[in-house]
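For reference, the chains in residue letters:
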Amino acid sequence: MTARTTLRVIALSTSGLVLLCPGLVYGQEPSPNVPVTQRDRPEFDPLGIRAGSFLIFPSIGVSESYDTNVFATPDDEVDDFITQVEPRVEVVSNFPRHALAFSTGADVAFYASETDENYQDFFVNGDGQLDVTRDSALTADVSAGRFHIGRDDPEDVGTAEPIEYWSYGGGLAYTHAFNRVNFRLTTRAEREDYSDTNGISNEDRNVNEYDILFRTGFLVSPRFNTFVEGRYNIEDRTDEDPGEPSRDSDGWEARVGTEVDITALLFGEAFVGYRKQYFKDDAFDSEDGFSFGVDLTWNPTTLTTVGLSGGADF
């Protein structure tokens, strides 16, 4: 295993970050369930630029870092300095009910010596929530952007320049609560479209992904919601070489878990589950096994946040 050290120094950071939870700003009171670094600080928080019922928050971040192993190789390591520029604009609604939010930005990196590693990622996102009743809501989101595969990603194959790809996606979700019983139905579709690199075609990496998820829960108490969840997914690799085995697959996963909401002190969820993935071509064996995940945030003091997040399939 190769050690990789990155030293980053923030040179300039002027931000207008807004808490979007999940991805939205509501007209109601903000949620108290946030890490201490994301809490409202009226004396420091940007006021935004008002445009009718919307607020606009522009920001830019500039940082300088030093990477001891740019190409993430086990030997013949190459080091370099990297300048990173991250402009961003967020537009959020200030409605008494319902919500809209839009954001766009970029992540541009300049390498001092290894200039072929320079990249220009960018994105645009949009979210919306329709408060159908006090106990039900319909949410939607769309996103698009161009990104790259990092050198430390297992999908990187050592091309002369980083592999770039376009990502498009959208989701729709409906939530409802009946006294102590609650449910959420979520659907999502995404596509990744890979660009050619140095004359080498990457279209066999292109993939369409579809997900549908249903969760139903029971409030044991106002602070604990137990749930069961089922998920079905499809991976469709439409541009594979006809002479190669197809990696198309579909699968399912079942989970049980609990959500914790001890307001502003401890919040998040944990689950265990079982999954199975079936491949279209007999050249690939089906995959199955147990899974688990946890995403908890604990605020032991008003100035301290401790987070526990992770998961695995086995």
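Before reading further, recall that the structure is shown in the block above.
A brief look at the structure comes next. (Residues numbered from 1 in each chain as written. Predicted model: local features only at pLDDT ≥ 70, side-chain atom pairs only at ≥ 80, totals over all residues. Heavy atoms only, no water.)

To continue, consider the overall build of the chain. If you tally the helices and strands in the chain, you get 0 helices and 15 strands. Along the first, second and third principal axes, the C-alpha set of the chain runs to 60 × 55 × 40 Å. Taking the contacts inside the chain whose residues are at least 6 apart along the sequence as the reference set, 53% of them involve residues at least 24 apart. Element-wise, carbon and sulfur atoms account for 58% of the exposed surface of the chain, whose accessible area totals about 18600 Å². The averaged location of the 56 negative side-chain charges in the chain is 10 Å from the averaged location of its 24 positive side-chain charges. (Helix = DSSP H or I, 4+ residues; strand = E, 2+ residues; numbered from the N terminus. Contact = heavy atoms within 4.5 Å. Areas by Shrake-Rupley, 256 points an atom, 1.4 Å probe, with all protein chains shown as cover. Lys, Arg positive; Asp, Glu negative; His and termini not counted. Charge placed at Lys NZ, Arg CZ, Asp CG, Glu CD.)

We now examine the environment of Phe290. In this structure, Phe290 sits in strand 14 (residues 287-301). The contact partners of Phe290, leaving out residues within four places of it in the chain, are Gly273, Tyr274, Ala312, Asp313 and Phe314.

Using the criterion set out here, one finds 14 aromatic pairs in the structure. When the centroid spacing of 6.1 Å and the interplanar angle of 50° are considered together, the rings of Tyr174 and Phe183 count as tilted. Each residue in the set Trp252, Tyr274, Phe290, Phe292 and Phe314 is aromatic and connected to the rest through ring pairs, giving one cluster. Across from the ring centre of Phe271, 4.0 Å away, lies the NZ or CZ of Arg255, which sits over that ring. (Phe/Tyr/Trp six-rings, centres within 6.5 Å; stacked < 30°, edge-to-face > 60°. Lys NZ or Arg CZ within 6 Å of the ring centre and 35° of its normal.)

As enumerated under the stated definition, the model contains 17 salt bridges in all. For the salt bridge of Asp45 with Arg41, the shortest nitrogen-to-oxygen distance reads 4.0 Å. Arg41 sits in the partly exposed class, given a relative accessible area of 42%. Across the pair Arg237 and Glu235 runs a salt bridge, and its minimum N-O distance is 3.3 Å. Judged by its relative accessible area of 18%, Arg237 falls in the buried class. According to the relative accessible area criterion, Glu235 is partly exposed, its value standing at 23%. (Salt bridge = Lys/Arg side-chain N within 4 Å of Asp/Glu carboxyl O. Buried < 20%, exposed > 50% of the residue type's maximum accessible area, 1.4 Å probe, protein only.)

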